[in-house]
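Each chain, written out:
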Amino acid sequence: MHVLRRRGWALKENLVTPEAVALNRRAFIAGGAALMSLPAMAAENADALHPYPANASFSAGPGRAITPEADSSSYNNFYEFGTSKYIQKKAQALPVRPWMLTIDGMVEKKIEIGIDDLIKAMQPREERIYRFRCVEAWSMVVPWSGFPLRALLDFAKPLGSARFVRFETFMMPSVAPEQAIPLYPWPYVEGLTMAEAAHDLAFMVTGVYGKALPKQFGAPLRLAVPWKYGFKSIKSIRRISFVAERPVGMWEALQPKEYGFFANVNPKVSHPRWSQADEKVLGESQRIPTQLFNGYADEVGGLYAGLEKETLWR
Ligand SMILES: Nc1nc2c(c(=O)[nH]1)N[C@H]1C(S)=C(S)[C@@H](COP(=O)(O)O)O[C@H]1N2
Ligand SMILES: [Mo]
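Now for a quick tour of the structure. All figures in this text were calculated on a predicted structure; none of them were measured in a lab. (Residues numbered from 1 in each chain as written. Chains lettered and ligands numbered in written order. Predicted model: local features only at pLDDT ≥ 70, side-chain atom pairs only at ≥ 80, totals over all residues. Heavy atoms only, no water.)

## Considering the pairing of strand E2 (residues 111-114)
Put simply, the rule reads: The criterion for strand pairing is that DSSP finds at least two bridges linking the strands in question. Put simply, DSSP marks the helices as runs of H or I at least four residues long and the strands as runs of E at least two long, and each gets a number from the N terminus on.
Of the strand pairs in this sheet, strand E1 (residues 100-105) and E2 are connected by 4 bridges, and their pairing is antiparallel. Within E2, the residue paired with Leu-101 across the bridge is Ile-113. In this antiparallel pair of consecutive strands, E1 and E2, the connection spans 5 residues.

## Re the packing of aromatic side chains
Selection rule: Any two rings among Phe, Tyr and Trp, with Trp reduced to its six-membered ring, count as a pair given centres within 6.5 Å; such a pair is stacked if its planes are under 30 degrees apart, edge-to-face if over 60, and tilted if neither. Each residue gets one of three labels from its accessible area relative to the maximum for its type: buried under 20%, exposed over 50%, partly exposed in between, using a 1.4 Å probe on protein chains only. Charge-over-ring placement is defined geometrically: NZ (Lys) or CZ (Arg) within 6 Å of the ring centre, and within 35 degrees of the ring normal.
Counted by the stated rule, this structure contains 21 aromatic pairs. Considering the side-chain rings of Phe-293 and Tyr-304, the 5.5 Å spacing of their centres and the 15 degrees angle between planes classify their relative orientation as stacked. Pair noted here: Phe-293 is in the loop between strand E12 (287-289) and helix H9 (297-300) and Tyr-304 is in the segment after H9, with a separation of 11 residues, a long-range link. Comparing Phe-293 with Tyr-304, the two get one shared label, buried. Taken together, Tyr-79, Tyr-184, Trp-186, Phe-231, Trp-251 and Tyr-259 form an aromatic cluster joined through their ring pairs. It is Lys-232 that lies over the ring of Phe-261; its NZ or CZ is 4.4 Å from the centre. Directly above the aromatic system of Trp-99 lies the positively charged group of Arg-238, at a separation of 4.5 Å from the ring centroid.

## Focus on the sheet that holds E1
Stated precisely, the cut-off is as follows: Note on method: axes are straight lines fitted to C-alpha atoms, helices fitted across the in-contact stretch only, with angles between N-to-C directions ranging 0 to 180 degrees. The contact definition used throughout considers only heavy atoms, calling two residues in contact when any of these lie within 4.5 Å.
What the 5 strands build is an open sheet, ordered E2-E1-E10-E5-E6; its pairing is mixed. Whereas interior strands pair on both sides, the edge strands pair on one side only; in this sheet they are E2 and strand E6 (189-193). Along the sheet, successive strands turn relative to each other by an average axial angle of 15 degrees, direction set aside. Alignment of strand E5 (residues 164-169) against strand E10 (residues 237-243), held across 6 bridges, turns out to be antiparallel. Pairing of Phe-167 across the sheet is with Ile-240, part of E10. Against the sheet, helix H6 (residues 149-156) makes contact with E1, E2, E5, E6 and E10, and its axis sits at roughly 65 degrees relative to E1, the strand it touches most.

## With respect to the nonpolar core
Just so we agree on the cut-off: Definition used in this section: a nonpolar core is a set of buried Ala, Val, Leu, Ile, Met, Phe, Trp, Tyr and Cys residues joined via side-chain atoms within 4.5 Å.
In this structure, Trp-144, Leu-149, Phe-167, Trp-227 and Phe-242 are the most contacted members of the largest nonpolar core, which totals 80 residues. Here Phe-167 is in contact with Leu-149, Tyr-188, Val-189, Glu-190, Gly-191, Leu-192, Met-204, Leu-223, Ile-234, Ile-237, Arg-239 and Ile-240, once residues within four sequence places are set aside.

## Points about the pairing of E6
Burial analysis of E6 places 5 of its 5 residues in the buried class, the great majority of the element. Burial along E6 is two-sided: the face carrying Val-189, Gly-191 and Thr-193 and the face carrying Glu-190 and Leu-192 are both buried.

From the geometry alone we can't say anything about function, so treat these as descriptive.
Listed below in structure tokens is the structure:
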């Protein structure tokens, strides 16, 4: 049985890209003629059983190519391992198995689960090609594998009174040298509203480029919220808590005037120290204009109706 869900954000982009042609053909073969009238629907296939599927049913949009793995995996932000972008080697010190995730706070019952058991329990597992925009004005296009954060919410059973999700990274000063120095308020923390977390675009990443997530990308579990600046996409998550109060992220705790809770991408709102109007694409020589909500405005704009008084853009 094919589970078909309508996804405006997938449909719009898919229709105008060459990948769409190949993918529609694949959907046709997998699912029969009924799928032809629904070109961007994700056809469930054998890939869905793979822990790191590579069956993207949509693309990053017109004119955007997937960033070569060599570029995206050698230029990272992972401050636990140092303040430079070249932490790929140092990050290999992080032990990612066994890896226990704690789900607690305002939930029916606290859960402790190993990462591989969690991956097995999460459906649908899929690949999503997302644009990614760091607050420092560099960007990339990445084929993440994982599952919708929504699936984890269903699994966690938060109480109706929970208002925010708080994510916390590991704390291991013996392997992550910066954590041994009290320069930053470790551990790295980030948060979302419940509505943001339940949005179809909010994605939990366990793989990339069709393989298990390399350590420098935030193995074994990271967040991808592509309409927000990259610092919201917290890496190497150890604890997810449902809370009543808005979580204060590590960057917000350090520098609230520069890094806020919402941190939605907006080319018209400059960072206090630089413009956000355009971005340098990793592996490419030309800068491109930055888009409102990183190009996902149609999908996520509605999340912010009534919140206009909030600081939404940093
Ligand atoms: N735990 C943790 N998560 C993190 C960071 C970090 O330093 N530590 N850096 C953030 C920032 S600023 C960015 S831009 C992205 C970078 O992701 P990438 O290295 O996979 O490109 O991770 C985010 N998540
Ligand atoms: Mo960033």
